[in-house]
2 protein chains.
Amino acid sequence: MAAFDLGQIDDVIHGRLRLGIMAYLVNSEVADFTELKNALQATQGNLSLHLRKLEDAGYIEIEKSFLARKPLTRARITDSGRKAFAAYLEAMGKLIDKAGPG
Amino acid sequence: MAAFDLGQIDDVIHGRLRLGIMAYLVNSEVADFTELKNALQATQGNLSLHLRKLEDAGYIEIEKSFLARKPLTRARITDSGRKAFAAYLEAMGKLIDKAGPG
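Sequence positions are assigned chain by chain, starting from 1 and proceeding in written order. Written order decides the labels, with chains lettered from A and ligands numbered from 1. Per-residue local features are limited, in this predicted model, to residues with pLDDT of at least 70; the limit for side-chain atom pairs, both in listing and counting, is 80 or more; totals at the level of whole chains, interfaces and linings are taken over all residues. To obtain the side-chain values, all non-hydrogen atoms of the structure were used and water was disregarded.

It is not clear to me how the relation of the copies chain B and chain A should be interpreted in this structure. Could you clarify?
The two chain copies are related to each other by a rotation about an axis together with a translation along it. Superposition record for chain B on chain A: RMSD 0.0 Å, screw rotation 180°, translation along axis 0.0 Å. In the structure described here, the two chain copies are related by an operation that fits a two-fold rotation axis. Whether two residues are in contact is decided by their heavy atoms, any of which lying within 4.5 Å being enough. The residues that chain B uses at the interface reappear at the interface of chain A in 96% of cases, marking a shared surface. A residue counts toward the fit only if its pLDDT is at least 70 in both copies, and the copies are then superposed by least squares on the C-alpha atoms of those residues.

Here is the structure:
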């Protein structure tokens with residue numbers, strides 16, 4: 001890809017909170033809602049919204065269960081999400097490293 | 001800063017087209033409007049809008065002049081813009097490298 005093909009920067013991942021979620025999950029594999037909320041200092045509503053967007057893109061899976069009779073929501077990165085995140089990093093790296101003329 | 005302090009990711013720079021402009025200018029120092037438009041495959045209106053936003057933030061300066069009686073618009077990165085871009089890269093690097101628990 002050309003260094004300045006901005007279309008290669010996946011907007012689903014580029015959104016700041018979604019980028020935080022993906023960066024977290026690419027390492028932790030799975031995280032519960034409260035853990036993500038605290039780590040990213042997100043509001044409940046905002047985190048839910050962006051988890052949904054990542055789920056819709058197929059980058060994460062949302063698992064709902066119960067722990068000690070309390071509802072537990074966990075997000076897990078998918079293979080597709082890992083690939084998309086790797087592609088995002090590559091595109092950003094190219095943009096930043098090879099930027100400028102000549 | 002904490003790895004997940006997303007507030008450290010400067011939204012003025014993070015916007016995809018603005019990121020492209022900054023990445024270009026951090027290397028080229030100065031670029032004319034047509035050069036940026038072509039390199040970033042941007043429309044005239046969209047490029048103008050985002051150049052204005054970067055100018056308002058003090059990250060670039062817009063110089064208007066004439067060349068062979070044709071108007072020439074050039075964008076030049078400022079010292080403040082260089083610092084902001086460096087801080088942006090640092091924040092993104094921390095987010096990506098130190099992501100995940102533990």
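Sorry if this is basic, but what is going on with the interface of chain B and chain A here?
Interface extent is often summarised as the accessible area lost during association of the parts. On the chain A side, the residues contacting the 26 residues of chain B number 26 residues. Buried area adds together the accessible area that both of two parts lose upon being put together, with accessible area traced by a 1.4 Å probe. Both sides together, the interface formed by chain B and chain A hides about 2300 Å², and carbon and sulfur atoms give 71% of it. On the chain B side of the contact with chain A, Phe4, Leu6 and Arg16 of chain B bury the most area, a combined 29% of that side's loss. Put simply, a salt bridge is a Lys or Arg side-chain nitrogen that is within 4 Å of an Asp or Glu carboxyl oxygen. Our count for the contact surface shared by chain B and chain A stands at two salt bridges. Linking arginine 16 of chain A and aspartate 11 of chain B is a salt bridge whose minimum nitrogen-to-oxygen distance equals 3.6 Å. Residues adjacent in sequence count toward polar contacts only when both atoms are side-chain atoms; beyond that, a polar contact is any pair of N or O atoms within 3.5 Å, and within protein one must be able to donate a hydrogen and the other to accept it. At the boundary of chain B and chain A, one finds five residue pairs in polar contact (both at pLDDT 80 or more). Working definition: helices are DSSP H or I runs of at least four residues, strands are E runs of at least two. Numbering for both runs from the N terminus. Sorting the residues of the side of chain B that touches chain A by element identifies helix 1 (11-14), helix 2 (16-28), helix 3 (33-39) and helix 5 (79-97) of chain B as the ones contributing at least two each. Counting residues per element, the side of chain B that touches chain A draws most heavily on helix 2 of chain B, which supplies eight residues. Classifying every residue of the side of chain B that touches chain A by side-chain character gives 16 nonpolar, seven polar and three charged. Only Asp, Glu, Lys and Arg are considered charged, only Ala, Val, Leu, Ile, Met, Phe, Trp, Tyr, Cys and Pro nonpolar, and every remaining residue, Gly among them, polar.

For this particular structure, what's the right way to read the environment of leucine 67 of chain A?
All names here are of chain A. Position of leucine 67 relative to the elements: it lies in strand 2 (residues 60-67). On the basis of relative accessible area, leucine 67 is assigned to the exposed category, the value being 55%. Between the C-alpha atoms of leucine 67 and histidine 50, which are 17 residues apart in sequence, the distance is 24 Å. A simple rule labels every residue: compare its accessible area, found with a 1.4 Å probe on the protein chains alone, to the largest value its type can have, and call it buried under 20%, exposed over 50%, or partly exposed in between.

Please clarify how the side chain of histidine 50 of chain B should be interpreted in this entry.
Looking at where histidine 50 of chain B falls in the secondary structure, it is placed in helix 4 (residues 44-56). Within the structure, histidine 50 of chain B has its side chain in polar contact with the side chain of arginine 18 of chain B (distance 2.9 Å).

How should unusual backbone geometry be read in this particular structure?
Among all residues save glycine, negative phi is the norm, and among peptide bonds the norm is trans. Its identity is not glycine, yet alanine 68 of chain A carries a phi of approximately 50°, on the positive side. Residue position: alanine 68 of chain A is located in the loop between strand 2 and strand 3 (70-77). For arginine 69 of chain B, which is not glycine, the phi dihedral falls at a positive 65°. With respect to the element layout, arginine 69 of chain B can be found in the loop between strand 2 (60-67) and strand 3 (70-77).

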